[in-house]
Amino acid sequence: MRITKYEHAALRIDDEGQSLLIDPGGFTTLPADLDAVVAVVITHEHPDHLDPDNLARVRSASPDAPIYGTAQAAAVAPGLGITVVAPDETVQVGAFTLRFFGGEHAVIHRSLPLVENVGVLVNDELYYPGDSYAIPSGVAVHTLAAPLGAPWLKIGEAMDFVLAIAPRRAFGTHDMTLSEVGRDMHRARLRWATEKGGGEFFDLDPGDALEV
């Protein structure tokens, strides 16, 4: 299984000649080859994760690919035909088994409403929590896509999240809000947390891939 990081929160997972996209939001430039996409996962409704124009491009290239997301995401973009998923659900699509966890976005500030958020475990290998620190219960996470920077993110909490999961491999995502200096600083903190659990941390820039 090949995991490719794109700008900000977007990931592409390739397995058995099929592709899964996660959170191709408004900060992301989509790859040109979208015809192998068999499904898209949108963790929540925020525009850095859900971009109608990007999703319309995916629909054009792969019209039969379902888009999975929260009920709120489906309401925000009713024309996209998003299939609603919730925590504790499992979906099989093509080469991918998708297990959903969590339920709520991390708190940004008490003045802002909470939104729904689902983390997704792909093929019992890769876990991406979306904008949350939700820990999938009852499963081992081998590869973790760990958020690096966000209005809701405190680096100490992100470190504790990685420590609690103790993945074999981890890399940073959700990083477009950081300067280059800040990104490297946060990567170093999450590298420490990953290595404390016996794992390895990878520095992935947009376009870089990890084979697992």
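Residue positions are counted from 1 within each chain, in the order its sequence is given. With the structure being a predicted model, the display of local features is reserved for residues of pLDDT at least 70 and the display and counting of side-chain atom pairs for 80 or more, all residues being used for whole-chain, interface and lining totals. Each side-chain value is derived from all of the structure's non-hydrogen atoms; neither hydrogens nor water enter the calculation.

- For the protein, an unreviewed UniProt entry supplies the name MBL fold metallo-hydrolase and the organism Microbacterium istanbulense.

## As for the overall build of the protein
Logical step 1: From N to C terminus, the protein includes 4 helices and 14 strands.
Logical step 2: Taking 17 Å as the expected radius of gyration for a compact globule of 212 residues, we find that the protein reaches 16 Å, a close match to that expectation.
Logical step 3: For the protein, the C-alpha atoms occupy an extent of roughly 45 × 45 × 35 Å along the three principal directions.
Logical step 4: Remark: exposure states derive from per-residue accessible area (1.4 Å probe, protein chains only) relative to the maximum for the residue type, with buried under 20%, exposed over 50%, and partly exposed in between. Per-residue burial for the protein yields a buried fraction of 52% across its 212 residues.
Logical step 5: Looking at the protein alone, contacts between residues at least 24 apart form 57% of all its contacts between residues at least 6 apart.
Logical step 6: Under the convention used here, a 1.4 Å probe and the Shrake-Rupley method define accessible areas, while residue burial counts only the protein chains that appear. When the accessible surface of the protein is totalled, it reaches about 8,900 Å², and 50% of it is carbon and sulfur.
Logical step 7: In this count, Lys and Arg are taken as positive residues and Asp and Glu as negative ones, while His and the chain termini are left out. Think of each charge as sitting on NZ of Lys, CZ of Arg, CG of Asp or CD of Glu. Put simply, the protein has 15 plus and 30 minus side-chain charges, and the middle of one group is 6 Å from the middle of the other. Strands here mean DSSP runs of E at least two residues long; helices mean DSSP runs of H or I at least four residues long; both are numbered from the N terminus. Radius of gyration here is computed from C-alpha atoms only, and the compact-globule reference equals 2.2 Å multiplied by the residue count raised to the power 0.38. Throughout, a residue-residue contact means that at least one pair of heavy atoms, one from each residue, lies within 4.5 Å.

## As for the sheet that holds strand β5 (residues 67-69)
Logical step 1: DSSP-based pairing: two strands are paired if at least 2 bridges between them are found. Across the sheet, 7 strands lie side by side as β6-β5-β4-β3-β2-β1-β14; this open sheet has mixed pairing. Edge positions in the sheet fall to β6 (83-84) and β14 (209-211), since each has one partner strand and no second.
Logical step 2: Two elements, strand β4 (residues 37-41) and β5, share 2 bridges in a ladder whose sense is parallel. Along β5, the bridge assignment pairs valine 41 with tyrosine 68.
Logical step 3: Strand contacts of helix α1 (residues 52-61): β3 (18-22), β4 and β5, with the helix running at about 160° to β4, the strand carrying the most contacts. As a rule, the C-alpha atoms of each element are fitted with a line to give its axis, helices using only the stretch in contact, and angles between N-to-C directions run from 0 to 180 degrees.

## Remarks on the nonpolar core
Logical step 1: In these notes, a set of buried Ala, Val, Leu, Ile, Met, Phe, Trp, Tyr and Cys residues joined through side-chain atoms within 4.5 Å is what counts as a nonpolar core. One finds Ile13, Leu20, Ile22, Leu98, Phe100, Val122 and Leu126 to be the most contacted residues of the largest nonpolar core, which totals 26 residues.
Logical step 2: Broken down by secondary-structure element, the contributors of at least two residues to this core are β2 (11-15), β3, β4, β7 (90-93), β8 (96-104), β9 (116-122) and β10 (126-128).
Logical step 3: Beyond its immediate sequence surroundings of up to four residues, valine 122 is in contact with Met1, Ile13, Leu20, Ile22, Phe96, Thr97 and Leu98.
Logical step 4: The next biggest cluster of nonpolar side chains, apart from the first, holds 21 residues, and it includes Ala106, Leu148, Trp152 and Ile165.

## Details of the pattern of salt bridges
Logical step 1: Here a salt bridge means any side-chain nitrogen of Lys or Arg lying within 4 Å of a carboxyl oxygen belonging to Asp or Glu. Tallying each qualifying case throughout the model produces 11 salt bridges.
Logical step 2: For arginine 169, the salt bridge identified is with glutamate 125, shortest N-O distance 2.6 Å. Separated by 44 residues along the polypeptide, arginine 169 in strand β12 (residues 169-173) and glutamate 125 in the loop between β9 and β10 bring together distant segments of the chain.
Logical step 3: Looking at glutamate 125, the relative accessible area reads 15%, which means it is buried.
Logical step 4: Each of Arg183, Asp184, Arg187 and Asp205 takes part in salt bridges that share partners, so that together they form one network.

## What about the sheet that holds β9?
Logical step 1: Spatially, β7-β8-β9-β10-β11-β12-β13 is the arrangement adopted by the 7 strands of the open sheet, whose pairing is mixed. For this open sheet the edge positions go to β7 and β13 (200-202), each flanked by a neighbour on one side alone. Along the sheet, successive strands turn relative to each other by an average axial angle of 25°, direction set aside.
Logical step 2: For β9 and β10, the ladder comprises 3 bridges, and the chain directions are antiparallel. Directly across from valine 120, in β10, lies its bridge partner tyrosine 128.
Logical step 3: Against the sheet, helix α3 (residues 155-165) makes contact with β10 and β11 (143-147), and its axis sits at roughly 170° relative to β11, the strand it touches most.
Logical step 4: Across the sheet, helix α4 (residues 180-196) is in contact with β11, β12 and β13; its angle to β13 comes to roughly 155°.

## Focus: α3
Logical step 1: The set of residues buried in α3 consists of Ala158, Met159, Phe161, Val162 and Ile165. Relative to the axis of α3, the buried residues are bounded by an arc of 155° and lie together on one face.
Logical step 2: Backbone geometry just downstream of α3 places alanine 166 in the positive-phi region, at approximately 50°. Arc, as used here, means the arc of the directions from the helix axis to the C-beta atoms.

## Some remarks on the packing of aromatic side chains
Logical step 1: Pairs were defined over the aromatic rings of Phe, Tyr and Trp, the Trp ring being its six-membered one, requiring ring centres within 6.5 Å. Orientation was assigned from the angle between planes: stacked under 30 degrees, edge-to-face over 60, tilted for the rest. Under the counting rule described, the total for this entry stands at 3 aromatic pairs.
Logical step 2: Consider the rings of phenylalanine 101 and tyrosine 127, whose centres lie 6.2 Å apart with planes at 85°: the pair is edge-to-face. One end of the pair, phenylalanine 101, is in strand β8; the other, tyrosine 127, is in strand β10, and 26 residues separate them in sequence. For the pair shown, phenylalanine 101 and tyrosine 127 are each scored as buried.
Logical step 3: Look at tyrosine 133 and phenylalanine 161: their rings are 5.7 Å apart centre to centre, the planes differ by 50°, and that puts the pair in the tilted class.

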